[in-house]
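# Observations on the model geometry
Residues per chain, in single letters:
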Amino acid sequence: MNIAILLAAGASSRAGQNKLWADVHGRPLWTLSYETFKSHPEVDRIVLVVPAGEEPKFAAYVDVPMASGGETRMQSFKNGLALLTLNDEDIVIDHNAANPNVTAREISEVIAAAKEVGAAAVSMPAVDTLFVAEEGTYLNPLPREKIRLMQTPQAVRANLLKPFELADGTDLTSALLAKVPVKVVEADPANRKITFAEDLKSLCARTYLGEDSHAFSQAGQLVLGGLTVPELPALEANSDGDVILHAIGRALALAQNKNFSEIADPLALSGERDSRAYLNPLLHNVKIEQVALTLECARPRIDALAPALKNSLASLLALHPDQIRLSAHTGEGLTTFGRGEGIRCLALLTIKN
């Protein structure tokens, strides 16, 4: 049996708020990791460790055994462990509910490694230069290639828990290392503990959809993503007809509870045809994390234009080209766009709150 002890009893002193109850798209943060474990096919049971007296608050969301938290993280783990009757081959998984982005792959790999060698834990390699500092002065550097940044889940085979009393370490791995080796499992880059208020912002991204389409006219030059494509005629519109920027504009307007037409139409009527000007009022109060675009058209050939389009959009939106994803299709010619009579664009924006 594989049993997860989910620790949700921390004080959140460094976050300036109770981070475990921070609203992440309408649900408490701690439920994100709980749902990942609950839906995992290899996890047979979950024990939740919560602050003493707050059991009813958590019970409104889940129906699992609960233990009261201790004064330290390790004591909270031991309190959860005390609810279990274990067989030697059972795997006990220690996970911090403040690691909401745990993946199914990590859970599977620590379970498999603990079954094989006895204990395992996910961690990340150190990527920065590391120094010891004392009294405001740097001392000796640390060997970065040997440093690991610990996260959870961490797992141990039950028979290794029985011969000794767990030391009061900062996590399961530090408590086990005095007695048994612990295998390294690579953590997912997104699986980081939420510690400070700034960390919570990384969870609060939302996605918004925008769409636009235009038919080709008989004159002018095509403008797409802020680029002029001289071999094709313009799209029929009161502006330059840039369907990519219009789709992005509609997504940005939606994110800010605004109407894109109410911004773009007055500018177009005043003689402003450059669609880049329509985005300017919408770019001041948002932080775009990623833009995903899908174009339906037979012309132009988007694959050939993709690098230039990404660079143009990156410059306009203050992004790196890698933050822009672009695909195109003809829809098997079933629509006017696929038959070459116009262009349709769908834009999906990921925006940080």
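First, a word on scope: everything that follows refers to the structure included in this document. Keep in mind that this is a model prediction, so the values were computed, not measured.

Parameters and conventions
- Residues numbered from 1 in each chain as written.
- Predicted model: local features only at pLDDT ≥ 70, side-chain atom pairs only at ≥ 80, totals over all residues.
- Heavy atoms only, no water.
- Helix = DSSP H or I, 4+ residues; strand = E, 2+ residues; numbered from the N terminus.
- Rg over C-alpha atoms; globule rule 2.2 N^0.38 Å.
- Buried < 20%, exposed > 50% of the residue type's maximum accessible area, 1.4 Å probe, protein only.
- Pairing = 2+ DSSP bridges.
- Axes fitted to C-alpha atoms, helices over the stretch in contact; angles between N-to-C directions.
- Contact = heavy atoms within 4.5 Å.
- Parallel < 35°, antiparallel > 145°, perpendicular 65-115°, else oblique.
- Left-handed = near helix turned anticlockwise from the far one by under 90°.
- Nonpolar A, V, L, I, M, F, W, Y, C, P; charged D, E, K, R; others polar.
- Phe/Tyr/Trp six-rings, centres within 6.5 Å; stacked < 30°, edge-to-face > 60°.
- Salt bridge = Lys/Arg side-chain N within 4 Å of Asp/Glu carboxyl O.
- Arc of directions from axis to C-beta.
- Polar contact = N/O pair within 3.5 Å; in protein donor to acceptor, adjacent residues only side chain to side chain.
- Core = buried A, V, L, I, M, F, W, Y, C linked by side-chain atoms within 4.5 Å.

Assigned secondary structure in the protein chain consists of 10 helices and 17 strands. Taken against the 2.2 N^0.38 rule, which gives 20 Å for 353 residues, the C-alpha radius of gyration of the protein chain at 27 Å runs more than 25% over that of a compact globule. Its C-alpha atoms give the protein chain principal-axis dimensions of roughly 85 × 50 × 40 Å. In the protein chain, which comprises 353 residues, the share counted as buried stands at 46%.

What follows deals with the sheet that holds strand S7 (residues 119-125). Read across the open sheet, the seven strands follow the order S5-S4-S1-S6-S10-S7-S11; overall the sheet is mixed. Unpaired on one side and paired on the other, strand S5 (66-68) and strand S11 (183-186) mark the two borders of the sheet. Averaged over all pairs of adjacent strands, the angle between strand axes in this sheet comes to 25 degrees, irrespective of strand direction. Its contacts with the sheet place helix H3 (residues 73-81) against strand S1 (2-7), strand S4 (45-50), S5, strand S6 (91-96) and strand S10 (148-157), and it is angled at close to 140 degrees to S1.

The next point concerns the packing of helix H7 (residues 243-255) against helix H10 (residues 302-317). Contact geometry for H7 and H10: axes closest at 12 Å, N-to-C directions at 40 degrees. With respect to H10, the element H7 is oriented oblique. H10 is crossed by H7, and the crossing has right-handed handedness. Where H7 abuts H10, its residues Ile244, Leu245 and Ile248 lie against Leu309, Leu313, Leu316 and Leu317. Considering only residue class, the contact of H7 with H10 consists of seven nonpolar, no polar and no charged.

Two aromatic rings, taken as a pair, are described by how far apart their centres are and by the angle between their planes. Across all of its chains, the model carries seven aromatic pairs by this definition. Considering the side-chain rings of Trp21 and Phe58, the 4.9 Å spacing of their centres and the 65 degrees angle between planes classify their relative orientation as edge-to-face. Of the two residues, Trp21 is situated in the loop between S1 and strand S2 (23-24) and Phe58 in helix H2 (residues 55-59); the sequence distance between them amounts to 37 residues. Judged by its relative accessible area of 17%, Trp21 falls in the buried class.

A separate point is unusual backbone geometry. The peptide bond linking Thr152 to Pro153 adopts the cis configuration, its omega dihedral lying at 20 degrees. For the bond running from Arg299 to Pro300, omega is -5 degrees, close enough to zero to count as cis. Mapped onto the elements, Pro300 comes out in the loop between strand S15 (287-296) and H10. Phi is positive for Glu135, close to 55 degrees, though the residue is something other than glycine. Looking at where Glu135 falls in the secondary structure, it is placed in the loop between strand S8 (131-134) and strand S9 (137-141). Positive phi is not limited to glycine here, since Asn257 has a value of about 55 degrees. With respect to the element layout, Asn257 can be found in the loop between H7 and helix H8 (260-269).

What follows deals with the pattern of salt bridges. Taken as a whole and judged by the stated rule, the model has nine salt bridges. With a shortest N-O distance of 3.3 Å, Arg344 and Glu211 are connected by a salt bridge. Of this pair, Arg344 sits in strand S17 (residues 342-352) while Glu211 sits in strand S12 (residues 205-215), placing them 133 residues apart in sequence. When its relative accessible area of 29% is taken as the criterion, Glu211 is described as partly exposed. When the shortest N-O distance is used, the salt bridge between Arg339 and Glu341 registers 3.8 Å.

By the burial criterion, the buried members of H8 are Phe260, Ile263, Ala264 and Ala268. End-on view of H8: buried residues confined to an arc of 120 degrees, all on one side of the axis. Structural note: H8 exposes Glu262 and Leu269 on the side pointing more than 90 degrees away from its buried face. Between the side-chain oxygen of the N-cap and the backbone nitrogen of Ser261 there are 2.9 Å, and the N-cap of H8 in question is Asn259. In the stretch just after H8, Gly271 is the one whose phi turns positive, near 105 degrees.

Let's shift gears to the nonpolar core. The biggest cluster of nonpolar side chains holds 42 residues, and the ones touching the most others in it are Ile244, Ile248, Leu252, Ile288, Val291, Ile343 and Leu349. Mapped onto this core, the elements with two or more residues apiece are strand S13 (222-224), H7, H8, helix H9 (276-279), S15, H10 and S17. Top element by residues in this core is H7. It accounts for eight residues. Grouped together as the second largest cluster of nonpolar side chains are 39 residues, Ala8, Val50, Ala97 and Val102 included.

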